[in-house]
Amino acid sequence: MARNITSRTEDYSQWYLDIIKVAELADYAPVRGCMVIRPTGYALWESIQRHFDDAFKETGHVNAYFPLLIPNSFLEKEAEHVEGFAPECAVVTHAGGEELEEPLIVRPTSETVIGHMYSKWIQSWRDLPILINQWANVMRWEKRPRLFLRTSEFLWQEGHTAHATREEAMEETLKMLEVYRRIMTDILALPVIPGEKTEGERFPGAANTYTCETMMSDKKALQAGTSHFLGQNFAKAFEIQFQNQDGNLEYAWTTSWGASTRLIGAIIMTHSDDDGLILPPRVAPVKVAILPISTDDEMIASTLLPKAAEISAQLDSRLGGRFTVVDKQFHLRPGDRFFSHLQRGVPLRIELGEKELASGTARVVRRDTGAKVDIPLDALAERIPQLLEEIHTALYEKALAFRKENTRFVSGYEEFKSAIEEQGGFVETFFAGTSDDEKKIKEETGATARCMPLESSETGVCMLTGKTGARRTLFAKAY
RNA sequence: CGGGGCGUAGCGCAGUCUGGUUAGCGCACCUGCUUUGGGAGCAGGGGGUCGAAGGUUCGAAUCCUUUCGCCCCGACCA
């Protein structure tokens, strides 16, 4: 149906890129791996930000800003951390026309500089906990960039907290994972599986890493957000110490957690179809497009536009924000106007023409199903918000059903290999291998351990090593 | 970084093998008229340093060298 979008079945990657282009979410920048987030895409990011930021504030966090440039030596203070990040760091060697004495790293993440600051700020148990979040850009020089999913520079938030006890830090780690899960499911309509990362997939420098894993419509997995329990690793590296109530010095326990513009990629690849973008209503910057349609200019000016403006104002006030637009692209034919909103993923379209005025109704069309209903004008304020909610639920349920259809359990490695190869999707099994075992599985099947789902505490026999007490683990090919 | 493909108008492509007037086509864009409820029709028009730099040649989109970028598949990652 869409003539400017490659179909998903023909070429999934191209479909993804076509969606971004047609919906004007982003464009390539002159520097390899970098992207320009265009106004439509940025509006979506702002909407995502707002939901997350509100949730961070509700859980007691405050925002701050730490610098882009980090002394090279900072990165080296935590052994695993430097090993993990050094290969993908951009380094500033010259400034002010001179070579710098110490190279500066463009932050790939901010644990080190924040750790440094925390060590200055924290002396007593009374200074804890520190609960700070920052919205920032970071840079990771990726070999194979992909719009939104993996760009050299990307936008995200990174929360960094310090606590007096292990228990409290662990509680924070899991609390923020739950915040991610809630927003992803309730706002972005993404069914996610919260779980713990295996040893091989852990954040460099973390004691435990937790993740929200989600399935894209090509059955591949995407890590949509992570929360790390850093133990005392960074506290020891950066001397984050405090005097406890007994007068003894102790290292603090820290956490970090982040979610990025990759979420936009997740939204695209979870909900959209061959006609273009489909946005979950609760996060869509434009929720309703109202289109006055007539061949009669006089009719448009005197009746349809004022009526459209009235409906728009009514709905905005009902929805609590500027979430509707009145389409005034009268130089286009109706079909083109429909498509312009459809391809941008606007959840609902209201058509307002002579027919509607005569019958006192408006034609309302759902983006997700294409279903059309005629709704009495005086019932719009009531029905539109309900319809938006129905769309949210439908999108979520559809994605969840898709994930369930494409998730299976296996108990042996041979069965595992054929499941990955033949059906794809998520494969659950019991696993107790090392990170070398994980590498081997990746080499042989292309699949990686995505997480050990939190909802299951069940243990069994490892599919690879035969060890007992193995945790239930989800594997898949991933982005 | 390895393997493969591709760079010609905003987008999609032909032309390249076999060098030769003024570089074409479709869509998009602009103007006008007719149209208008799921991607309109006719007429006219604008838009190109043929990815870049060197070289060969009387002459290069076309041949040679180098280089940059994009896409796909791997290795590496949010």
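The structure presented is a predicted model; accordingly, all values stated were derived computationally and were not measured. (Residues numbered from 1 in each chain as written. Chains lettered and ligands numbered in written order. Predicted model: local features only at pLDDT ≥ 70, side-chain atom pairs only at ≥ 80, totals over all residues. Heavy atoms only, no water.)

Positionally, leucine 395 belongs in helix α12 (residues 380-405). Between the alpha carbons of leucine 395 and arginine 363 there is a distance of 21 Å; along the sequence they are 32 residues apart. When near neighbours in sequence (up to four residues on either side) are disregarded, leucine 395 contacts Ala189, His271, Ile278, Leu279, Pro280, Pro281 and Asp368. (Helix = DSSP H or I, 4+ residues; strand = E, 2+ residues; numbered from the N terminus. Contact = heavy atoms within 4.5 Å.)

Turning our attention to a negative patch on the surface. Together, Glu80, Glu83, Glu199 and Asp436 make up a negatively charged patch on the protein surface. Here glutamate 80 is to be found in helix α4 (residues 79-85). (Patch = residues over 30% accessible without salt bridge, like charges linked within 9 Å, V, L, I, M, F, W, Y side chains within 5 Å. Areas by Shrake-Rupley, 256 points an atom, 1.4 Å probe, with all protein chains shown as cover. Salt bridge = Lys/Arg side-chain N within 4 Å of Asp/Glu carboxyl O. Lys, Arg positive; Asp, Glu negative; His and termini not counted. Charge placed at Lys NZ, Arg CZ, Asp CG, Glu CD.)

Moving on to the packing of aromatic side chains. Within the structure shown, the criterion is met by 16 aromatic pairs. Their ring planes at 75° and their centres at 5.9 Å tell us that tryptophan 45 and tryptophan 135 sit as a pair that is edge-to-face. Of this pair, tryptophan 45 sits in helix α2 (residues 39-58) while tryptophan 135 sits in strand β7 (residues 130-139), and the two are 90 residues apart along the sequence. Taken together, a centroid distance of 5.9 Å and an interplanar angle of 70° make the contact between phenylalanine 74 and phenylalanine 238 edge-to-face. Taken together, the positions of phenylalanine 74 in helix α3 (residues 72-75) and phenylalanine 238 in helix α7 (residues 233-238) put the pair 164 residues apart, joining distant regions of the chain. What makes phenylalanine 74 buried here is its relative accessible area of 10%. Among the residues examined, phenylalanine 238 registers a relative accessible area of 4% and is labelled buried. An aromatic cluster is built from Trp45, Phe52, Phe56, Trp135, Tyr180 and Trp257, whose rings are joined through pairwise contacts. A cation sits over an aromatic face here: arginine 8 above tryptophan 15, 5.3 Å from the ring centre. In this structure, lysine 287 packs its charged tip against the face of phenylalanine 323, placed 4.1 Å from the ring centre. (Phe/Tyr/Trp six-rings, centres within 6.5 Å; stacked < 30°, edge-to-face > 60°. Buried < 20%, exposed > 50% of the residue type's maximum accessible area, 1.4 Å probe, protein only. Lys NZ or Arg CZ within 6 Å of the ring centre and 35° of its normal.)

What follows is about helix α1 (residues 12-22). Here α1 has its buried residues at Tyr12, Trp15, Tyr16, Asp18, Ile19, Ile20 and Val22. Buried residues belonging to α1 abut β1 (26-28) and α8 (262-271). Two or three places before serine 13, at the opening of α1, aspartate 11 has a side-chain oxygen 3.3 Å from that residue's backbone nitrogen. Glutamate 24 lies just past α1 and shows a positive phi near 55°. (Polar contact = N/O pair within 3.5 Å; in protein donor to acceptor, adjacent residues only side chain to side chain.)

With that settled, the discussion passes to the confidence of the model for chain A. Across chain A, the average pLDDT comes to 94, with 100% of residues at 70 or higher. Taken over the whole predicted complex, pTM reads 0.96, whereas the ipTM for its chain interfaces reads 0.86. (pLDDT = per-residue confidence, 0-100.)

Looking now at the nonpolar core. Ranked by internal contacts, the top residues of the largest apolar core, which has 56 residues, are Ile48, Phe52, Phe148, Met184, Leu188, Leu263 and Ile268. Secondary structure elements with two or more residues in this core: α1, β2 (35-37), α2, α6 (166-186), β10 (208-215), β11 (221-229), β14 (253-260) and α8. When residues in this core are grouped by element, the largest group, eight residues, is from α6. Judged by nonpolar contacts, the second largest core, of 27 residues, contains Val113, Met117, Ala164 and Ala206. (Core = buried A, V, L, I, M, F, W, Y, C linked by side-chain atoms within 4.5 Å.)

Moving on to the pairing of strand β15 (residues 288-293). Counting buried residues in β15 gives six out of six residues, a clear majority hidden from the surface. Here β15 shows a buried face lined by Val288, Ile290 and Pro292 and a second buried face lined by Ala289, Leu291 and Ile293.

Across all of its chains, the model carries 20 salt bridges by this definition. Note that glutamate 196 and arginine 471 form a salt bridge whose closest N and O atoms lie 3.1 Å from each other. Placement of glutamate 196 in strand β9 (residues 192-196) and of arginine 471 in strand β24 (residues 470-476) is noted, with a sequence separation of 275 residues between them. By relative accessible area, which is 34% here, arginine 471 ends up partly exposed. Members of the salt-bridge network, linked through shared partners, are Lys197, Glu201, Glu213 and Arg450.

This part takes up the sheet that holds strand β4 (residues 69-71). The strand order across the open sheet formed by three strands is β4-β6-β5, and the pairing between neighbours is antiparallel. Two strands in the sheet have a free side with no partner beyond their single neighbour: β4 and β5 (90-95). Across the sheet, the mean angle separating the axes of adjacent strands is 45° when strand polarity is ignored. With three bridges joining them, β4 and strand β6 (residues 98-106) adopt antiparallel strand pairing. Of the residues in β6, the one forming a bridge with isoleucine 70 is isoleucine 105. (Pairing = 2+ DSSP bridges. Axes fitted to C-alpha atoms, helices over the stretch in contact; angles between N-to-C directions.)

As a further point, take the packing of α1 against α8. Direction vectors running N to C along α1 and α8 enclose 115°, while the axes themselves pass 11 Å from each other. The angle between α1 and α8 places the two elements in the roughly perpendicular class. Crossing handedness for the pair α1 and α8: right-handed. Counted together, Tyr12, Trp15, Tyr16, Ile19 and Ile20 of α1 and Gly265, Ile268 and Met269 of α8 form the full contact between these two elements. Across the contact of α1 with α8, the residue classes break down as seven nonpolar, one polar and no charged. (Parallel < 35°, antiparallel > 145°, perpendicular 65-115°, else oblique. Left-handed = near helix turned anticlockwise from the far one by under 90°. Nonpolar A, V, L, I, M, F, W, Y, C, P; charged D, E, K, R; others polar.)

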